[in-house]
Amino acid sequence: MDLHETQNLANLTHDLVNCVSVIRGLGQLKEVDTDDAMCHIAERFEGKLRDEYNAQVYAYAKNHCGAFPGVEWLQSFLQDMLTRSQTTAKLQKKDMMSEGQNKAAASSSSQKKKQISLTMATKEEGRNTDTCPLCEDAHSLHECRAFLGMLVKARSTYIRDERRCYACLQQGHRMSEC
Ligand SMILES: [Zn+2]
Ligand SMILES: [Zn+2]
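None of these values were measured; they are calculated from a predicted model. (Residues numbered from 1 in each chain as written. Chains lettered and ligands numbered in written order. Predicted model: local features only at pLDDT ≥ 70, side-chain atom pairs only at ≥ 80, totals over all residues.)

What follows is about the confidence of the model for the protein. The predicted coordinates should not be examined in detail at positions where pLDDT is low. Here the protein averages 76 in pLDDT, while 69% of its residues score no lower than 70. Below pLDDT 50 for its whole length, residues 119-129 participates in 1 contact with residues either more than four positions away or in separate chains. (pLDDT = per-residue confidence, 0-100. Contact = placed C-beta atoms within 7 Å.)

Here the UniProt feature "domain: CCHC-type" (unreviewed entry) sits at residues 163-178. Between the first and last C-alpha atoms of residues 163-178 the distance is 13 Å; the span itself is 0% helix and 0% strand. (UniProt positions renumbered as here; feature names shortened; annotations may be inferred. Helix = DSSP H or I, 4+ residues; strand = E, 2+ residues; numbered from the N terminus.)

So, on to the nonpolar core. One finds Val 57, Tyr 58, Ala 61, Leu 141, Phe 147, Ile 159, Tyr 166 and Leu 169 forming the largest nonpolar core, which totals 8 residues. A per-element tally of this core places helix α4 (residues 47-63) first, with 3 residues. Within the second largest apolar cluster, 6 residues are counted, among which are Leu 9, Leu 49, Leu 74 and Met 81. (Core = buried A, V, L, I, M, F, W, Y, C linked by C-beta atoms within 7 Å. Buried ≥ 20, exposed ≤ 12 C-beta atoms within 10 Å, placed from the backbone.)

Time to look at the environment of Asn 11. Relative to the elements of secondary structure, Asn 11 occurs in helix α1 (residues 3-26). Along the backbone, Asn 11 and Leu 82 are 71 residues apart, and their C-alpha atoms lie at a distance of 9.8 Å.

A positive phi angle is found at Glu 136, which is not glycine, with a value near 65°. Within the secondary structure layout, Glu 136 lies in the loop between α7 (109-128) and α8 (145-148). The backbone of Arg 163 sits at a positive phi, close to 55°, despite the residue not being glycine. Within the secondary structure, Arg 163 is located in the segment after α9 (152-161). For Arg 163, a count of 10 C-beta atoms within 10 Å puts it in the exposed group.

This part covers the environment of Ala 89. As for its position among the elements, Ala 89 is in helix α5 (residues 71-101). On the basis of neighbour counts, which here come to 16 C-beta atoms within 10 Å, the residue Ala 89 falls in the partly exposed class. C-alpha of Ala 89 to C-alpha of Thr 6: the two residues are 83 residues apart in sequence and 8.0 Å apart in space.

So, about α4. With 17 residues, α4 extends 25 Å between its outermost C-alpha atoms, agreeing within 8% with the 24 Å of an ideal straight helix rising 1.5 Å per residue. Listed as buried for α4 are Leu 49, Asn 54, Val 57, Tyr 58 and Ala 61. Within α4, the buried residues cover an arc of 160° as seen down the axis, which keeps them to one side. Across α4 from its buried face, at more than 90 degrees, point the exposed residues Lys 48 and Asn 63. A positive phi of about 50° marks Cys 65, the residue just after α4. (Expected span 1.5 Å × (residues − 1). Arc of directions from axis to C-beta.)

Structure follows, in structure tokens:
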């Protein structure tokens, strides 16, 4: 997550916290706490945040006999993600600073090797997920608009029926083995 995303996440978390506390003050949290509201908020998630959200919702559902988390869960999820991305941003800053200090020694060959194998892994992944199992377009299930547009419950049912892993959406293993 880059700095821009971290800032967005901070704003989003701030909005949600305010929103939840206002609704709670009105004593209407139960009424608003629906799948629809969750989906509405989750629609604003992008990239890594979206993946993480999907994975964590499924993990939650699995641990709660198929029940789905509410907005209070979402609030703590966002706060957790924010803390994480802020930590990462700080570490990246540190990395950049220390890199500048030992410019000469910086580009070690092991680092380069790591980068190459990372690129290869990404390519490999892309190839495997080329055809979407849901709409058969050229994208992974993670990126499928039809899939992401489904209500959380419908998505969960689809994953269960397809015997997919709740965490990575691939077939062939359970989430506990992912
Ligand atoms: Zn698709
Ligand atoms: Zn998996």
